[in-house]
Amino acid sequence: MPAANQPEIICLVRDTTLRWPCRQGDFLLWFGYRDIFSGPEAIQCYDLWQMRDGYHVTITNRLEDLPPWFRLHSTEVCDSFVYKMMAKVEKGDYPS
């Protein structure tokens, strides 16, 4: 467990789903590499969210673990998810 005021770094690997409750003052940051071969200077912050008491976060790379009400847009998928999304799009199930 990280010491107080130390960030916890979590990396997603294959078939990972994380769920946890948030508290007032928690922040969720999404970092990634612009170019993985460029080293630490290529790290980029893509988004930042401020959490509140009662919020819950689900981070997953498994379509099966997304909440039933959550709808991905076709521009948000890649790799094997594309084939699963195509089946829905071909049936006319396409988010606005």
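Residues numbered from 1 in each chain as written. Predicted model: local features only at pLDDT ≥ 70, side-chain atom pairs only at ≥ 80, totals over all residues. Heavy atoms only, no water.

Engineer: Help me understand the environment of Arg62, please; the structure alone is not making it clear to me.
Structural biologist: You can see Arg62 is positioned in the loop between β4 (56–60) and α1 (81–90). Setting aside its immediate chain neighbours within four residues, Arg62 contacts Asp15, Thr16, Thr17 and Phe81. (Helix = DSSP H or I, 4+ residues; strand = E, 2+ residues; numbered from the N terminus. Contact = heavy atoms within 4.5 Å.)

Engineer: Any chance you could explain the packing of aromatic side chains here in plain terms?
Structural biologist: Aromatic ring pairs are described here by two measures, namely the spacing of the ring centres and the angle between the planes. Tallied over the full model, the rule gives two aromatic pairs. With a centroid separation of 5.1 Å and an interplanar angle of 45 degrees, the aromatic rings of Trp30 and Tyr46 are classed as tilted. Of the two residues, Trp30 sits in strand β2 (residues 27–33) while Tyr46 sits in strand β3 (residues 43–50), which places them 16 residues apart along the sequence. Considering the side-chain rings of Trp69 and Phe70, the 5.9 Å spacing of their centres and the 75 degrees angle between planes classify their relative orientation as edge-to-face. On the accessibility criterion, Phe70 (36% relative accessible area) is partly exposed. (Phe/Tyr/Trp six-rings, centres within 6.5 Å; stacked < 30°, edge-to-face > 60°. Buried < 20%, exposed > 50% of the residue type's maximum accessible area, 1.4 Å probe, protein only.)

Engineer: What's the story with a nonpolar patch on the surface in this structure? I'm lost.
Structural biologist: On the surface, Phe27, Leu29, Phe31, Tyr33, Ile36, Phe37, Ile43 and Leu48 cluster together to form a nonpolar patch covering roughly 900 Å² of accessible area. For the nonpolar patch, the secondary-structure elements that each account for two or more residues are β2 and β3. Residue contributions to the nonpolar patch peak at four residues, all from β2. With respect to the helices and strands, Phe31 occurs in strand β2. (Patch = residues over 30% accessible without salt bridge, like charges linked within 9 Å, V, L, I, M, F, W, Y side chains within 5 Å. Areas by Shrake-Rupley, 256 points an atom, 1.4 Å probe, with all protein chains shown as cover. Salt bridge = Lys/Arg side-chain N within 4 Å of Asp/Glu carboxyl O.)

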